[in-house]
Amino acid sequence: MSKSILKKDKVAEALSALGKVSVVYAPVKNKRGLVEYKELGKDASTADVRLDGKPDTPPKAILFPQTELLLTYKKEDGEFVVTPAKPDDREKVIFGVKPCDAIGISLMDKVFLGGKFTDSYYKARREKVTIFTIACDGPLDSYCFCPSTGGRPAATDGSDVMMYDVGDSYFVDGITDKGKKALEALKGQLGKPTAEQEKRKEEIVKRSESAEGFTRKISDEAIAKMDTSFDSKYWDDVARRCLSCGACTYYCPTCHCFDINDEKGGERVRTWDSCQFAIFTMHTSGHNPRAIRGQKLRNRYYHKFKYSKDNIGRYLCVGCGRCIALCPASLDITKAINEVK
Amino acid sequence: MMSAKNDYLPQMAEITSITQETTGERAVKTFRIAFKDKSAKMDWKAGQTCMVSVFGKGESMFAISSSPTKGHIEFSVQRMGRVTERLHQMQVGDELGIRGPYGNGFPVEQWKGKNIYFIAGGVGMAPVRAVMNYVVDQKEDYGELHLLYGARSSRDLSYKAEIDALEQGGAIDVRRTIDVAEPGWLQIDNANPDSTKFDPSTRKFTGFVATIVTAMKCNPENALAVICGPPIMIKTCIGSLAKLGWKDEQIYTTLENKMKCGIGKCGRCNIGGVYVCVDGPVFTYAQVKKMLPDQ
Amino acid sequence: MSDLSDEKIREEAKKALREKGLKCVIGWNAEGTPTFASTAEEIDKLAFNKSSVNNLVPYLTYEIRSQRGKTRDGKDKVVVPVGIVVRGCDSKALLLLLNEKILARSEVFIIGVPCTGVVDPHAGGALFRKCVKCAMRNPVVFDVLASDKVQEDEKDYSEVEAIERMSQEERWALWEEILADCIRCHACKRSCPVCYCDECLLDPTDVAVKMDTSAEEKAYRPRWVERSVNVPENLVYHLARLPHLVGRCVDCGECERVCPRRLPLRLLTAKLEKDVKDIFDYEAAKEEGQKPLIAMSCMEDDNGFIM
């Protein structure tokens, strides 16, 4: 059922209909005013869903939880019994995703599913996830800069179903087979689009292509300059006010670094980690190749804009701007790169 | 081949022998393991690594220090921290988890017909031992073999019996060097390696590894060098070889970094855009020169 | 806060830079971004307005402590003094560090700015809650003041008192609910001016290991808090960090400002500060040369909160 219309006043009903065949995550405002993805029917109801604006957290944690049990080990009759954990592989729909975050998921896919090895935990979850993206019409706030990273406000990469705000309704388009299949559950809520609605959708797509309205940009020249500024003292100057708190990495849609530890109770646990934390790269010997804040910050920016381009052909940054909005020290990746010396 | 499905799940193994290579605060022990499941097998290339699980303490990545031609898996462990301290307390029969092999290994096929200089410092001898034994076991395919092995003192040299046997067997021309003079170990001036005249049959020296590289005049003609050891040793040895006319592509080394996943996902072991766990640990110096190192 | 104070800040900073050979002056620029000014031109960018929200003292601590050490001949390295612009709350934290002898008075040049409150970017232009009724608007330690002192208020503890009236079960449920949201990014600890330990036993991401640390030390170091993020571990982190702030935390509110989860951490720090006043009749960083509370324990202390 491609190319249909979902009236805004039927969204709650649609979410319930999806909820009959899938677990549904959607953006919900929490007690402290942060909009984040919550499991409907468990931590939130369809009435709490907020589809306007950019969620404060990306949907990253649904595919890559902050704390994840990998395996358990215990001694039985003098021998170790090691049991792998079973990842949460329920059918899931993530609803109300923004194009930047959808691209973020497709990049996480490249990291966890690509290369020589496949992360079986991520894969088990990913295969069962369907992404419903609501396109933006221009920047959502002053932090957005997706066009500078190769994205667009109505980009479709990583999405299974695209939705476009055409007034009192969403124009709905099943992009992938997975998306088309998911839409079958909404037969009762979807309608036929009018010519006017289709036209509005096309206009959104057109405006998106031309990247209208984005004041925050990173220039290609500046990014290219990074090729020769690795050894510059500039990075120490930029990082001077960094607190190494890791908030940027935790809220980034594509930051994927993690730690693995054997914790009490016989559990081997994977947890989010941050290249900004003090001992991230420290060898057991005490030698730390990235001990200084400038080196850590430089590593993060280069990972997002240079190493990833060399390795997977695309910037790892999606231009959501959350790291800029969140940084307690007012660090700004766009400004830092634009002014690179 | 190891379980292809879950790359974080180790295969259970038990320690079948432990050899104390050196003693002291930073002692080295070599562990040989056998998989508990007798049908389990792991095929590896010299230079590859494996992630060893000490349940309750964590995991640590080690170079597999035995050649695949020997048919058993060995790794050498220096006592350093949480996982290695526990390993050093373990006995034959104790259980470990093993996952691997990881990394690219040495491109031994490309080395056929060449003379090889194996240059190792300290625990760097572990990966060198694997590839050196491999090459020795296929001796007809390779040219002249040399080993230069350096450590702080003669007590810190590992694999003593094995290297003595290789030397006596005539397969490899072995030279050893230590930092602080001991009787019978010829002192070479580190500041001026060419100043000391010595009998070419001398095999025991006192001097930095790079110093001996210069003094023994490693010949770049149809040759390659494998250098493993502390970063400063690698750097100075490459400097010495360059002065002797060696090209960057002729020099191989292994790099190391802190690792957790070992499979290129956790983002920790990168040097620039290169992940040491999956893209390395073996690199030519030409490749190393192109990297963006932090330190 | 007016342009007049900007002028005075710049004038005094330039003067001190020249006369005292300061390494740099740490202040805010007009957008509120922490700035390290080491030339006259850079100093001309310093300003103080409603966007000057950061507590700059942690940067001062780093700039000074990173200079310390021994030269090759075993002599103490010379520390070049550093200048800083501080509001009232910042200055109290700085005074605490001076009283604890973490920083020496001669190492810092303090430009104080009396403050009538700064704006919370998440509250649509409104002041931070801590600023609405503030008892520490005027700097308590300074070399120069950039503007006239302002009227201070009686501190408002009503939010803390509301929690005090809850039953123990209600309070436990409240904190479990709040701390379930913590992601253990440690921004609170990193931005806290009085959390200056090189190694924090509650932070597994920051461990002081050197090249000569023994294998035993590394192997047997206890892990007080696991890396797993869940309510029990989060409770340990926050509730164990607090007792280390008794009589030290000045409730500057930086922890709450930087928290990306918007946890109401000042409910803890204000409570701590209130308890210290009520139980020990002590206020951190009240005056120069004040003894730390921990150093003043005596038999007459009320230990009722323990039993």
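Here the structure is a predicted model, which is why all the values come from computation and not from measurement.

Here we look at the interface of chain C and chain A
Then comes step 1: Contacts between the two partners involve 41 residues from chain C and, on the opposite side, 40 residues from chain A.
Then comes step 2: Between chain C and chain A, roughly 3,400 Å² of surface is buried when both sides are summed, and carbon and sulfur atoms account for 48% of that area.
Then comes step 3: Of all residues in chain C, Arg190(C), Arg227(C) and Arg262(C) give up the largest surface area on contact with chain A, accounting jointly for 19% of the area buried on that side.
Then comes step 4: Summed over the shared surface of chain C and chain A, the number is eight salt bridges.
Then comes step 5: Notably, a salt bridge pairs Glu63(C) with Arg240(A), separated by 2.9 Å at the nearest N-O pair.

Here we look at helix α7 (residues 168-179) of chain C
Residues and elements named next belong to chain C.
Then comes step 1: Compared with an ideal rise of 1.5 Å per residue, which puts 12 residues at 16 Å, α7 spans 16 Å between its outermost C-alpha atoms and is within 8% of the ideal.
Then comes step 2: Buried within α7 are the following residues: Trp175, Ile178 and Leu179. Seen along its axis, α7 keeps its buried residues to an arc of 85 degrees; they face one direction.
Then comes step 3: Looking at the buried residues of α7, the elements they touch are α10 (231-241) and α12 (266-280).

Describing the packing of aromatic side chains
Then comes step 1: Taken as a whole, this structure holds 29 aromatic pairs over all chains when the rule is applied.
Then comes step 2: Between the aromatic rings of Trp111(B) and Tyr252(B), the centroid separation amounts to 5.0 Å while the plane-to-plane angle is 65 degrees, which identifies the pairing as edge-to-face. Taken together, the residues Trp111(B) in the loop between β6 (95-102) and β7 (115-121) and Tyr252(B) in strand β13 (residues 251-254) connect sequence positions 141 residues apart. Across this residue pair, the class does not change: Trp111(B) and Tyr252(B) are buried.
Then comes step 3: Judged by centre distance (5.6 Å) and plane angle (75 degrees), the rings of Phe36(C) and Tyr59(C) are edge-to-face. Remark: Tyr59(C) occurs in helix α3 (residues 57-65) and Phe36(C) occurs in strand β2 (residues 34-37); sequence separation between them is 23 residues.
Then comes step 4: Among the aromatic side chains, those forming a connected cluster through ring pairs are Phe64(A), Phe112(A), Tyr121(A), Tyr122(A), Tyr250(A), Phe258(A), Trp272(A), Phe277(A) and Tyr8(B).
Then comes step 5: We note Lys309(A) situated over the ring of Tyr315(A); from NZ or CZ to the ring centre the distance is 4.7 Å.

Side note on the sheet that holds β6(B)
Backbone-to-backbone hydrogen bonds join strands into a sheet, with any given pair of strands oriented parallel or antiparallel.
All names here are of chain B.
Then comes step 1: If you trace the six strands from one edge of the open sheet to the other, you get β4-β3-β6-β1-β2-β5, paired in antiparallel fashion. Whereas interior strands pair on both sides, the edge strands pair on one side only; in this sheet they are β4 (58-63) and β5 (73-78). On average, each strand axis in the sheet is tilted by 40 degrees relative to the strand beside it, whichever way the strands run.
Then comes step 2: Note that strand β3 (residues 49-54) and β4 share six bridges and pair antiparallel. Residue pairing across strands places Val52 opposite Ser60, the latter belonging to β4.

Some thoughts on the domain arrangement of chain B
Residue and element names in this part refer to chain B.
Then comes step 1: In terms of domains, chain B is made up of domain 1 (11-102) and domain 2 (108-254).
Then comes step 2: A separation of 25 Å is found between the C-alpha centroids of domain 1 and domain 2.
Then comes step 3: Domain 1 puts 16 residues into the contact, and the matching count from domain 2 is 16 residues.
Then comes step 4: Viewed at the interface, domain 2 and domain 1 are joined by two salt bridges.
Then comes step 5: Between domain 1 and domain 2 we count eight residue pairs in polar contact (both at pLDDT 80 or more) in total.
Then comes step 6: Contributing elements (two or more residues each) for the side of domain 1 that touches domain 2: β1 (11-22), β2 (28-35) and β5.
Then comes step 7: For the side of domain 1 that touches domain 2, the class distribution of residues is five nonpolar, eight polar and three charged.

Things to note about the domain arrangement of chain C
Residue and element names in this part refer to chain C.
Then comes step 1: Taken as a whole, chain C is organised into domain 1 (3-69 + 77-145) and domain 2 (158-295).
Then comes step 2: Averaged C-alpha coordinates put domain 1 and domain 2 at centres separated by 24 Å.
Then comes step 3: Taken residue by residue, the interface counts 24 residues in domain 1 and 27 residues in domain 2.
Then comes step 4: Both faces considered, domain 1 and domain 2 share a buried interface measuring about 2,100 Å² in area, 53% of it formed by carbon and sulfur atoms.
Then comes step 5: Joining domain 1 to domain 2, the criterion identifies five salt bridges.
Then comes step 6: A salt bridge links Lys92 to Glu283; its shortest N-O distance comes to 2.7 Å.

Here is what the cut-offs are and how they apply
- Residues numbered from 1 in each chain as written.
- Chains lettered and ligands numbered in written order.
- Predicted model: local features only at pLDDT ≥ 70, side-chain atom pairs only at ≥ 80, totals over all residues.
- Heavy atoms only, no water.
- Contact = heavy atoms within 4.5 Å.
- Buried area = accessible area lost by both parts, 1.4 Å probe.
- Salt bridge = Lys/Arg side-chain N within 4 Å of Asp/Glu carboxyl O.
- Helix = DSSP H or I, 4+ residues; strand = E, 2+ residues; numbered from the N terminus.
- Expected span 1.5 Å × (residues − 1).
- Buried < 20%, exposed > 50% of the residue type's maximum accessible area, 1.4 Å probe, protein only.
- Arc of directions from axis to C-beta.
- Phe/Tyr/Trp six-rings, centres within 6.5 Å; stacked < 30°, edge-to-face > 60°.
- Lys NZ or Arg CZ within 6 Å of the ring centre and 35° of its normal.
- Pairing = 2+ DSSP bridges.
- Axes fitted to C-alpha atoms, helices over the stretch in contact; angles between N-to-C directions.
- Domains from an automatic or database assignment.
- Polar contact = N/O pair within 3.5 Å; in protein donor to acceptor, adjacent residues only side chain to side chain.
- Nonpolar A, V, L, I, M, F, W, Y, C, P; charged D, E, K, R; others polar.

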